[in-house]
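Summary of structural features
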Amino acid sequence: MGKIIYSFLLIILTGNFIYAENIKNTDFEKKVLKRKQILLTNEMEYKDGQSSSGASAFLIHYNGEIYAVTAKHLLGKAMGIVPEVLPSNFNSEIKEWTLFRRYSPNEKLTVKKLISEDNNMSNDVILFQINEIPRKTHPLKVSTEKLIENKKYYLIGCPYKETTCNQNIYRISYKEKQHNMEIFTLESKLELSGFSGAPIVDEKGDVVSILVAGWANNTIGSIDLRTVLKNIEQIK
């Protein structure tokens, strides 16, 4: 898993990129993307004075509760946080973590606490309870359907270089499972800077997984969101 995360960070830090076409004026965009805002970004400040911002996050709705989801590796070097904050220590070390639409920083959701305190970094997903019920951000239903090889799915995100982007959508296809990773192939190249924690959804607009890694061969790695459901069940 360390190699996977390192490969993803290499793409961010060196400026290498994978291109992909942003889908526009399709039925899917009109029904899902244009309906409500899905994509969020992160801003964090720790009690030791460290702070950072960026990457991606989103909300899910499950069993009557709304949770925020992002990638676990945002607790460390990917966001310039050194030493890395362990999930089990997060609630005692965080001063404030907020989520907002990329260019609407005044409309923030505040994280209440991290509820998935698993320190296994290969399970690269964290869950937050939030303080407010969002009015302008759409929580996603988590799909319970099995991923199907070669089926089309959609990645929602924004490259950092697109300075006016709130959310784009990109076609991808499911390839295979490798260890705990779900591997997807991009239809074309995409600059992945800023996509850590971005949602992957099916044709219904239900979230199937969260992006956590990317490689230069037009493939991306994600974690199945049923892992998230399992973590939620453990706290119920």
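Below or above, wherever it landed, is the structure these notes cover. On a predicted model such as this, the values are computed, not experimentally measured, just so you know.

Focus on empty space enclosed by the protein
Going through the model one piece at a time under the given rule, you end up with two cavities of 30 Å³ or more. The space that makes up the second largest cavity amounts to roughly 30 Å³. Lining the second largest cavity we find Ser143, Glu145, Leu147, Val208, Asp224 and Arg226. By residue class, the composition of the lining of the second largest cavity is two nonpolar, one polar and three charged.

Considerations on unusual backbone geometry
Val82 connects to Pro83 through a cis peptide bond whose omega is -5°. Among the structural elements, Pro83 can be located in the loop between strand 3 (65-70) and helix 3 (87-93). Even without being a glycine, Ala55 presents a positive backbone phi close to 60°. Position of Ala55 relative to the elements: it lies in strand 2 (residues 51-62). Looking at Ala55, the relative accessible area reads 7%, which means it is buried. Look at Asn218: it is not a glycine, yet its phi comes out positive at around 65°. Turning to its location among the elements, Asn218 is positioned in the loop between strand 12 (207-214) and strand 13 (219-224).

Here we look at the state of the cysteines
Here a disulfide denotes a covalent bond joining the sulfur atom of one cysteine to the sulfur atom of another. Following the criterion strictly, the structure yields one disulfide and no others. Paired through a disulfide, Cys158 and Cys165 show a sulfur-sulfur distance of 1.9 Å. Measuring handedness by torsion sign, the sulfur bridge of Cys158 and Cys165 sits at about -70° and is left-handed.

Let's talk about the environment of Lys189
By the secondary structure assignment, Lys189 is in the loop between strand 10 (181-186) and strand 11 (199-201). C-alpha separation for the pair Lys189 and Tyr170, spaced 19 residues apart in sequence, amounts to 10.0 Å.

A look at the pattern of salt bridges
Scanning the entire structure with this criterion turns up ten salt bridges. Note that Glu107 and Lys136 form a salt bridge whose closest N and O atoms lie 3.4 Å from each other. With Glu107 in the loop between strand 4 (94-100) and strand 5 (108-114) and Lys136 in the loop between strand 6 (126-130) and strand 7 (140-141), this pair connects stretches of sequence that are 29 residues apart. For Glu107, a relative accessible area of 36% gives the class partly exposed. Glu145 is paired through a salt bridge with Lys204; the nearest N and O atoms lie 2.7 Å apart. A residue pair is termed long-range when its members are at least 10 positions apart, and Glu145 in the loop between strand 7 and strand 8 (152-157) and Lys204 in the loop between strand 11 and strand 12 qualify at 59 residues.

The rules we used
- Residues numbered from 1 in each chain as written.
- Predicted model: local features only at pLDDT ≥ 70, side-chain atom pairs only at ≥ 80, totals over all residues.
- Heavy atoms only, no water.
- 1 Å grid on protein atoms, 1.4 Å probe; cavity = no way out; pocket = protein on both sides within 12 Å on 5 of 7 lines; lining within 4 Å.
- Points joined across faces, edges and corners; volume = space filled by probe spheres on them.
- Nonpolar A, V, L, I, M, F, W, Y, C, P; charged D, E, K, R; others polar.
- Helix = DSSP H or I, 4+ residues; strand = E, 2+ residues; numbered from the N terminus.
- Buried < 20%, exposed > 50% of the residue type's maximum accessible area, 1.4 Å probe, protein only.
- Disulfide = S-S within 2.5 Å.
- Salt bridge = Lys/Arg side-chain N within 4 Å of Asp/Glu carboxyl O.

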